[in-house]
Amino acid sequence: MMKLNRMHLKRLEISGFKSFARKVVFEFDAPVCAIVGPNGSGKSNIAEAIRFVLGEQSMKSLRGKRGEDLIWNGGGAVGRSNHADVTIVFDNTRNEFELDYDEVALKRSVSRDGENQYFINNSQVRLRDIFELLGKIHIGATGHHIISQGEADRILNANIKERRSMIEEALGLRVHQWKIEESEKKLAKTEENIKQVESLRREIAPHIRFLKKQVERVERAKEMREDLKGLYAEYLKREDEYLTHHRTRLSEERKGPERELKQLEEELESARRALASGNAEDPKSKELVLLERDISAARTTKDELSRALGRIEGMIEFEERRLQKAREQHKEVEVVAYRDVKGFTEDLEEYVTQALAQHTIEEARRIFEKVRSALSDFLARIRHTDTETLVPASELESMKKEKRDIEDKLSLAVKEAHALEKTYGALKEEIEKEKDSSREIEKTIFKMMAQKSELSAVMQRIRGEEERIAGAGTAFKEEIREGIVLIGRDIMLYENFAIAAGDALAEDRAVQEERRRRIEKMKIKLEDMGAGGAEEILKEYEEITERDVFLEREVLDLEKSAASLRELIIELSLKLDADFKEGVTKINKQFHEFFTLMFGGGAASLSVVAQKKRKRPDVDLVLDEDMPPPEEEEEEGIDINVSLPRKKIKGLAMLSGGERALTSIALIFAISQVNPPPFLVLDETDAALDEANSRKYGDMLENLSKHSQLIVVTHNRETMSRAQVIYGVTMDADAVSKLLSVRFDEAAVYAK
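Residues numbered from 1 in each chain as written. Predicted model: local features only at pLDDT ≥ 70, side-chain atom pairs only at ≥ 80, totals over all residues. Heavy atoms only, no water.

Details of the sheet that holds strand E4 (residues 83–91)
Thought 1: In spatial order, the strands read E2-E1-E4-E5-E6-E7; together these six strands make up an open sheet with antiparallel pairing. Each end of this open sheet is capped by a strand with a single partner; those strands are strand E2 (24–27) and strand E7 (123–125). Taking the axes of each pair of neighbouring strands and ignoring which way they run, one obtains an average angle of 20° across the sheet.
Thought 2: Direction of pairing for E4 relative to strand E5 (residues 103–111): antiparallel, over a ladder of nine bridges. For His83, the partnering residue across the bridge sits in E5 and is Ser111.
Thought 3: Taken strand by strand, helix H2 (residues 127–135) contacts E4, E5, strand E6 (116–120) and E7, and its axis lies near 45° from that of E6. (Pairing = 2+ DSSP bridges. Helix = DSSP H or I, 4+ residues; strand = E, 2+ residues; numbered from the N terminus. Axes fitted to C-alpha atoms, helices over the stretch in contact; angles between N-to-C directions. Contact = heavy atoms within 4.5 Å.)

In structure tokens:
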């Protein structure tokens, strides 16, 4: 027996499939194996079992309507099966399957509910895995490797596109086609992902722009705080030195006058007692004592009212400064009543409704002119909003009233003091005119009173300056408090600011006041900009920009992937086209040889043709006279050209049934010679051949068997003679197909 030195089909196991109710095993260990048997014995079910296990999905090709039709349905003493199983086993010692097994077993099982399961060496897989595995050995879904009776000319009846697909599969090019289809699916998915990612970027873009403005605002505020920190450092340092110097100066200036005034009060009190005891009955002395006390009390009242007036004026100045700051803060903010906004919105909506109802641009333009006018009127009303109502002023008014009351009281106190001093002056003149030594005490009192008046004036001046410095000190503390709120505790580092000794004292106070105004303006701007949530804004901006950068990188990666897929599709398409045309050239050589052998001459060839095909128009488009006709696209395929010897017959349409069978056999054999599959199944393809052609057919079988293993279902004696193994199939009374082993001399008789 001839040995097989290539990948081949080792065996076929059938159980519960159609008429094979019981399990049968076919051992295919020869180049040509024949299957014989009478009509109706079920031998053609063997070819269909091979189609089935190799993944055939067309129920028509399996001569059924649904999966249940493929399962033994019972008969006689043999009950029906619940499922049909077919296993095909390949020799893989040469590792054509690239699997680490010497045998590769493919199994397909179908149950009565129509469910199909696929296995490779007992591991369940997908149908696609089966197709991809078989594609590596040039066996695919078109079934060119299984030729049944009545289907021999299927390749002749196919259209040009179907023929191309059959030949691509036979040439082993379906792997390229699958890769192209897979790449196109990946490309479509990638392009969809690009659209989704770009859509996400478009969605977050407005929020990024908004946050960017917020971040810029935060950054500006941060820079402004740094500038404010510098201004504060110099301002507070100068103010602190100024206040410290004047507090120390006034404290020193107060000591002398206070000491002298205290001493003078003691001496004056002693003189009063002496005057009272020595001149008890003197009316002028009594009047002098009373006047001196009244004047002292009046001066005390006047001093107290003056200090109270100074304090209230300082408070008013502070409050007016606060109000001015509030005005500046709100000078760009206009508060509008809700009813005004609601009315304005309703007007705009009415105008827009009118504009949408217009039929011409001119009419719509007139409406929009009304809109512009309404906007101008609305803004004009806003400008006249009383911003003073934004800041409560009742406290200030109360203080101003209190100031007026103090001023009235002070005026009365001054008048009273002047009147007393005038009386005192007249009495002093009378006593001065008297040269009597008894008046020395009064003269001494006059002298001490004059000194007291001078010292009181000095102390009044000092107290006035102290009040002013105290007010400045209060403002200084308030400035520090506000500064801490805006720029934090770092404001206290002003003490480290370096300025030249005495510079703060020598500088005009107007310069320092200008610094204060600059600080005030900057504080107002900072408060307007707001400091709340700065960290959250920065964090959110950082997170969303990082996401946008990630999405941008993802788009770039996807675009690179899409470009690579497009290049791969082009490369695979070019290779597929080149390999296909090269394969057609090789097929043509064999096709011509087999055709001339079968017909004793003539000519046959394949040609690559392009057929124009109109694209189907979009059903959503409304066709009209101006619409261009649908575009045409070219569809490339295979045409078959034949010319019989000694006949004026050209073209497939003019061939008889027998001629078509011989032509299809010649073409199929030619295809199998170019890129041979491991096996070919020929199901009674020799039925219509006469004796002479049967010998030619047998010769071709022997030639083909050098490249592919042949499983031949036949009645033809000549074909049987070329087989090394012959199986006989019969059917018993239960309609169950059985397998017999027959000798060649019995096979011809048995097959009839």
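Considerations on helix H4 (residues 160–170)
Thought 1: Of all eleven residues making up H4, eight are buried, and the element is well covered by its neighbours.
Thought 2: N-capping of H4 is provided by Asn159, with a side-chain oxygen placed 3.1 Å from the backbone N of Lys161. (Buried < 20%, exposed > 50% of the residue type's maximum accessible area, 1.4 Å probe, protein only. Polar contact = N/O pair within 3.5 Å; in protein donor to acceptor, adjacent residues only side chain to side chain.)

Concerning unusual backbone geometry
Working note: non-glycine residues mostly have negative phi, and peptide bonds are mostly trans.
Thought 1: Even without a glycine there, the phi angle at Lys18 is positive, about 50°.
Thought 2: Here Lys18 shows up in the loop between strand E1 (9–15) and E2.
Thought 3: One non-glycine residue, Asn122, adopts positive backbone phi at about 70°.
Thought 4: One can find Asn122 in the loop between E6 and E7.
Thought 5: The class for Asn122 is exposed, based on a relative accessible area of 71%.

With respect to the pattern of salt bridges
Thought 1: For the coordinates displayed, the defined rule picks out 54 salt bridges.
Thought 2: With its nearest N and O atoms 3.1 Å apart, the salt bridge here joins Glu234 to Arg238. Here the residue Glu234 and the residue Arg238 both occupy positions in helix H5 (residues 174–278), the gap between them amounting to four residues, near one helical turn.
Thought 3: Residue Glu234 is classed as partly exposed on the basis of its relative accessible area of 21%. (Salt bridge = Lys/Arg side-chain N within 4 Å of Asp/Glu carboxyl O.)

Here's the deal with the nonpolar core
Thought 1: In terms of nonpolar packing, the biggest core is built from 69 residues, with Phe591, Leu606, Leu667 and Phe669 touching the most fellow members.
Thought 2: With 19 residues, the single largest contributor to this core is helix H13 (residues 534–599).
Thought 3: Beyond its immediate sequence surroundings of up to four residues, Phe591 is in contact with Ala604, Ser605, Leu606, Ile640, Val642, Thr663, Ala666, Leu667 and Ala670. (Core = buried A, V, L, I, M, F, W, Y, C linked by side-chain atoms within 4.5 Å.)

Comments concerning the packing of aromatic side chains
Thought 1: Per the counting criterion, the structure on display carries twelve aromatic pairs.
Thought 2: Ring centres 6.0 Å apart and planes at 5° place the aromatic pair Phe26 and Phe28 in the stacked group.
Thought 3: Given the relative accessible area of 0%, Phe26 is considered buried.
Thought 4: When the centroid spacing of 6.1 Å and the interplanar angle of 85° are considered together, the rings of Phe476 and Tyr494 count as edge-to-face. Here Phe476 is found in helix H10 (residues 440–487), whereas its partner Tyr494 is found in the loop between H10 and helix H11 (503–506), with 18 residues between them in sequence.
Thought 5: The ring of Phe580 has Arg164 lying over it, and the distance from NZ or CZ to the ring centre is 4.0 Å. (Phe/Tyr/Trp six-rings, centres within 6.5 Å; stacked < 30°, edge-to-face > 60°. Lys NZ or Arg CZ within 6 Å of the ring centre and 35° of its normal.)

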